[in-house]
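Structure at a glance
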Amino acid sequence: MLFVSFVSFAFPVTPAGAQGKKVYISVDMEGISGVNGDDQTSAGGAEYGRARRLMAEDANAAIRGAFEGGATDVVVNDSHGSQRNLLPEDLDPRARLISHSFKRYGMMEGLDETFDAIIFVGYHAKADAARGLFAHTGSGVVRDLQVNGASVGEGGMNAALARWYGVPVVAVSGDDAAVEEVARAVPGVRGVAVKRAINTRAVELKPLAEARKDIQAASREGVQSARKPAPERLASYQVRMQFRNVIIPEVAAAFSDITVVAPDVVQFSRASMPEAYRLIRVLYRFINTD
Ligand SMILES: [Zn+2]
């Protein structure tokens, strides 16, 4: 009995009686204010330590905005690379942090229908975009990802999972290419371009203080005006993935109901978006291509 009450105390989800909103924040790194080089985006890079603090500052701007907009419960999911970039000591202490990349749902781990709004922070453009800092989808191995015939990047794929749960994506920050891309997948989303992508490497950075103020304002307004749509549950989810190698399709042929339609392309269909999402993630992340 003592143990049971300890457990329920240790993992509060929503404070009893709270009427406020529950907000989910997914934080990637390439689209963070001030991030402009690949020595910043992976552990061991000379400027990685700087970049993870910049990442925490953008996350904190979104957290502040969410609370100002009526949130009483905020979950932050580290969504970049190892997904162990954000340090809890750097984060606004009101938010809880989901950390480490060994997750079924990656950038959307922990999302479910109990949330009222979603904010994407630090997002980047999809693989093979003509513009957008470090444009890619999931990992470097993907050339194109299509869900039900639409080519999507990480923002579009994550938005499809959000629609499954009926939770609106209310704000996105990143470079202008990422913001435009997410806005196409999520009409009405509040976009904050914290940098202008000149190509896939050079950027013009918005001053940091202004970028964070804009993230905070978009998050506040987005959460304040969030209205939950009915969950969108299609009869099936058709996925087509084109890779930059032929190794992953060769391995993927071992999974039931995955069809290799060209040496570098696989197709499959799943009955729900969470199932499709999980398999997409396995294919781009967990197959050794050495
Ligand atoms: Zn990413």
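Check the entry above for the structure.
Residues numbered from 1 in each chain as written. Predicted model: local features only at pLDDT ≥ 70, side-chain atom pairs only at ≥ 80, totals over all residues. Heavy atoms only, no water.

1. Re the layout of surface pockets
Quick reminder of the rule: Only protein atoms enter the 1 Å grid used here, on which a cavity is any set of points holding a 1.4 Å probe that cannot leave and a pocket is any open set flanked by protein within 12 Å on both sides along at least five of seven lines; residues with an atom within 4 Å of a point are listed as lining. Grid points are joined across faces, edges and corners, and a volume is the space filled by probe spheres set on the points. Secondary structure elements follow DSSP: runs of H or I of four or more residues count as helices, runs of E of two or more count as strands, with numbering from the N terminus.
What the largest pocket holds in volume is close to 220 Å³. Together, 18 residues line the largest pocket, and Pro 168, Val 169, Val 170, Val 186 and Pro 187 are the ones closest to its centre. Of all elements in the fold, only helix H3 (154-165) and strand S7 (169-175) reach the threshold of two or more residues within the lining of the largest pocket. The element that contributes the greatest number of residues to the lining of the largest pocket is H3, accounting for three residues. Counted as a void, the second largest pocket has a volume near 180 Å³.

2. Let's talk about helix H4 (residues 176-185)
Going by this rule: A 1.4 Å probe rolled over the protein chains alone gives each residue an accessible area, and that area as a share of the maximum for its type sets the label: buried under 20%, exposed over 50%, partly exposed in between. Between two residues, a contact is recorded if the distance between any of their heavy atoms is within 4.5 Å. Throughout this description, a polar contact denotes any pair of N or O atoms lying within 3.5 Å of each other; where both atoms belong to protein, one of them has to be capable of donating a hydrogen while the other can accept it, and for residues adjacent in sequence the pair is counted only when both atoms sit in side chains.
Along H4, the residues that are buried comprise Asp 176, Ala 177, Ala 178, Val 179, Glu 181 and Val 182. In this fold, the buried residues of H4 make contact with strand S4 (117-123), H3, S7 and strand S8 (190-197). N-capping of H4 is provided by Asp 175, with a side-chain oxygen placed 3.1 Å from the backbone N of Ala 177.

3. Brief notes about a nonpolar patch on the surface
Note the following rule: Each patch is built from residues lacking any salt bridge and having more than 30% relative accessible area; the joining distance is 9 Å for like charges and 5 Å for nonpolar side chains (Val, Leu, Ile, Met, Phe, Trp, Tyr). Where accessible areas are quoted, they stem from the Shrake-Rupley method and a 1.4 Å probe; at the residue level, only the protein chains shown are allowed to cover. Think of a salt bridge as a Lys or Arg side-chain nitrogen and an Asp or Glu carboxyl oxygen that are within 4 Å of each other.
A cluster of nonpolar residues, Val 246, Ile 247, Val 251 and Phe 255, forms a patch on the protein surface that exposes about 290 Å² of accessible area. Looking at where Phe 255 falls in the secondary structure, it is placed in the loop between helix H6 (247-252) and strand S11 (258-262). Residue Phe 255 is classed as partly exposed on the basis of its relative accessible area of 31%.

4. Some thoughts on the coordination of the zinc ion
Our working definition: Only nitrogen, oxygen and sulfur atoms qualify as donors, and only when within 2.8 Å of the metal (3.2 Å in the case of Na, K and Ca); with water excluded, sites may look incomplete.
Distances from the zinc ion to its protein donors, Asp 28 (OD), His 124 (NE2) and Glu 154 (OE), fall at 2.0 to 2.1 Å. When the donor residues of the zinc ion are listed from N- to C-terminus, their spacing reads D-x95-H-x29-E. Taken together, the positions of Asp 28 in the loop between strand S1 (21-27) and helix H2 (48-68) and His 124 in the loop between S4 and strand S5 (142-147) put the pair 96 residues apart, joining distant regions of the chain. For the pair Asp 28 and His 124, a shared accessibility class is recorded, and that class is buried.

5. Comments concerning empty space enclosed by the protein
Where we set the bar: In the scheme used here, Gly and all other residues not listed as nonpolar or charged are polar, with Ala, Val, Leu, Ile, Met, Phe, Trp, Tyr, Cys and Pro taken as nonpolar and Asp, Glu, Lys and Arg as charged.
Taken as a whole and judged by the stated rule, the model has one cavity of 30 Å³ or more. The calculated volume of the largest cavity comes to roughly 30 Å³. Forming the walls of the largest cavity are Ile 119, Phe 120, Ala 171, Val 172, Ser 173, Val 192, Ile 215, Ala 218 and Ser 219. Of all the secondary structure elements, the ones that give two or more residues to the lining of the largest cavity are S4, S7 and helix H5 (208-224). The class makeup of the residues in the lining of the largest cavity is seven nonpolar, two polar and no charged.

6. Focus: the side chain of Lys 21
We apply this condition: By the counting rule applied here, Lys and Arg register as positive and Asp and Glu as negative, while His and the ends of each chain are not counted.
Mapped onto the secondary structure, Lys 21 falls in strand S1. One buried charge, Lys 21, has no salt-bridge partner; the nearest side chain with opposite charge is Asp 116, at 6.8 Å. In this structure the side chain of Lys 21 is engaged in a polar contact, spanning 2.8 Å, whose partner is the backbone oxygen of Val 223. Polar side-chain contacts of Lys 21 include one of 3.1 Å to the backbone oxygen of Gln 224.

7. Considerations on the nonpolar core
A general tendency of soluble globular proteins is for nonpolar side chains to be buried together. Threshold: Put simply, a nonpolar core is a bunch of buried Ala, Val, Leu, Ile, Met, Phe, Trp, Tyr and Cys residues held in one set by side-chain atoms that sit within 4.5 Å of each other.
Counting 45 residues, the largest nonpolar core has Met 108, Leu 111, Ile 118, Met 241, Met 273, Ile 280 and Leu 283 as its most contacted members. Within the residue set of this core, elements represented by two or more residues are S4, S5, H3, S7, strand S10 (237-243), H6, strand S12 (265-270) and helix H7 (273-285). Residues in contact with Met 273, not counting those within four places in the same chain, are Val 147, Met 157, Ala 160, Leu 161, Trp 164 and Tyr 237. Formed by 35 residues, the second largest nonpolar core is a distinct cluster that contains Ala 66, Val 192, Ala 211 and Ala 226.

8. Points about the packing of H3 against H7
Keep this limit in mind: Lines fitted to the C-alpha atoms define the axes, with helices restricted to the stretch that makes contact. Angles between their N-to-C directions range from 0 to 180 degrees. Orientation categories follow fixed angle ranges, with anything under 35 degrees roughly parallel, anything over 145 roughly antiparallel, 65 to 115 roughly perpendicular, and all other angles oblique. Note on convention: near helix rotated counterclockwise from far helix by under a right angle means a left-handed crossing. Clockwise means right-handed.
Two numbers describe how H3 lies on H7: the axes approach to 9 Å, and their chain directions differ by 155°. Between H3 and H7, the interaxial angle falls into the category roughly antiparallel. As for the relative orientation of H3 and H7, their crossing is left-handed in sense. Taking contact as the criterion, the partners of Met 157, Asn 158, Ala 160, Leu 161, Trp 164 and Tyr 165 in H3 are, on H7, Met 273, Pro 274, Tyr 277, Ile 280 and Tyr 284. A class-by-class count of the residues in the contact of H3 with H7 yields 10 nonpolar, one polar and no charged.

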